[in-house]
Amino acid sequence: EAGVTQFPSHSVIEKGQTVTLRCDPISGHDNLYWYRRVMGKEIKFLLHFVKESKQDESGMPNNRFLAERTGGTYSTLKVQPAELEDSGVYFCASSQETHNSPLHFGNGTRLTVT
Amino acid sequence: GNSVTQMEGPVTLSEEAFLTINCTYTATGYPSLFWYVQYPGEGLQLLLKATKADDKGSNKGFEATYRKETTSFHLEKGSVQVSDSAVYFCALSEDYGQNFVFGPGTRLSVLP
């Protein structure tokens, strides 16, 4: 089966610009998660979708970040306007069930804000 | 809240050396414990896991034992290879989503 795919793999933007990251989960996985790793620190949870609904968005840092999952398939994460501290690697993961199913991660999108 | 601490590294070893990467955790309940690995240019992959105390997870020659008394889940391998060079993340989960907590990662470089 195809794995979790993320696009783009790298993005370099200037402060104040907008960037949209995309994640395609494994087909049939209702659960989709966004995480990020900033400045080589811990990987931190951002939010969790179950199908098209936001189950938990407690990790979203502020209102410059907007995540959507229209139709319950792929998801987008938009950062607008981007700030320097948003630089890092954004990971997407999916799973079949919420409990006791392994998380399958994508390769991540490396975002650099200059 | 829950947290994971692991040795920061980087760790540099010669091929066939013994590897230990320490991981300790703090949790309010009874979490499952994981080691994930990120090879260069790739995403995170599940390396091994243990779901209850005294369980041993193993895969690709790596092992880790869930020690409740010391709240630890140290990763070990008896003889590392150059292909093991990667970043290793210890993690715990009492439930997925926000309760899936990662450590900071340990970069391992294995020299021929």
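Residues numbered from 1 in each chain as written. Chains lettered and ligands numbered in written order. Predicted model: local features only at pLDDT ≥ 70, side-chain atom pairs only at ≥ 80, totals over all residues. Heavy atoms only, no water.

Asks: Report on the overall build of chain A, specifying residues and quantitative values.
Replies: Of the regular secondary structure elements, chain A holds zero helices and eleven strands. Ordered by position in the sequence, the α and β elements of chain A form the string β-β-β-β-β-β-β-β-β-β-β. For a compact globule of 114 residues, the expected C-alpha radius of gyration is about 13 Å, and chain A comes in at 13 Å, within 12% of that figure. Across its three principal axes, chain A shows a C-alpha extent of roughly 40 × 25 × 25 Å. Out of the 114 residues in chain A, the part that is buried amounts to 48%. Partitioning the contacts of chain A with sequence separation of at least 6, the portion at a separation of at least 24 is 52%. Carbon and sulfur atoms make up 45% of the accessible area of chain A, which amounts to about 5,800 Å² in all. With 12 positive and 13 negative side-chain charges, chain A shows a spacing of 5 Å between the two charge centroids. (Helix = DSSP H or I, 4+ residues; strand = E, 2+ residues; numbered from the N terminus. Rg over C-alpha atoms; globule rule 2.2 N^0.38 Å. Buried < 20%, exposed > 50% of the residue type's maximum accessible area, 1.4 Å probe, protein only. Contact = heavy atoms within 4.5 Å. Areas by Shrake-Rupley, 256 points an atom, 1.4 Å probe, with all protein chains shown as cover. Lys, Arg positive; Asp, Glu negative; His and termini not counted. Charge placed at Lys NZ, Arg CZ, Asp CG, Glu CD.)

Asks: Give me the lowdown on the sheet that holds strand 7 (residues 56-59) of chain B, citing residues and values where you can.
Replies: All names here are of chain B. Strand order in the open sheet formed by four strands is 3-9-8-7, with antiparallel pairing between adjacent strands. Here the strands that pair on one side only, and so sit at the sheet edges, are strand 3 (19-21) and strand 7. Between one strand and the next, the sheet's axes are offset by a mean angle of 15 degrees, whatever the strand orientation. Direction of pairing for strand 8 (residues 62-65) relative to strand 9 (residues 75-77): antiparallel, over a ladder of three bridges. Residue Glu63 lies in a different strand from strand 9, and its bridge partner there is Glu76. (Pairing = 2+ DSSP bridges. Axes fitted to C-alpha atoms, helices over the stretch in contact; angles between N-to-C directions.)

Asks: Please provide a residue-by-residue account of the pairing of strand 8 (residues 75-79) of chain A, values included.
Replies: All names here are of chain A. Strand 8 sits mainly inside the fold: four of its five residues count as buried. Where strand 3 (residues 19-24) meets strand 8, five bridges bridge the pair, whose relative direction is antiparallel. Considered in strand 8, the bridge of Leu21 is made with Leu77. Summarising the sheet, strand 7 (residues 65-68) and strand 8 pair through four bridges and their orientation is antiparallel. Note on strand 8: the bridge partner recorded for Ala67 is Leu77. Counting the residues in the hairpin turn of strand 7 and strand 8 gives six residues, including Gly71, whose phi is positive at 80 degrees.

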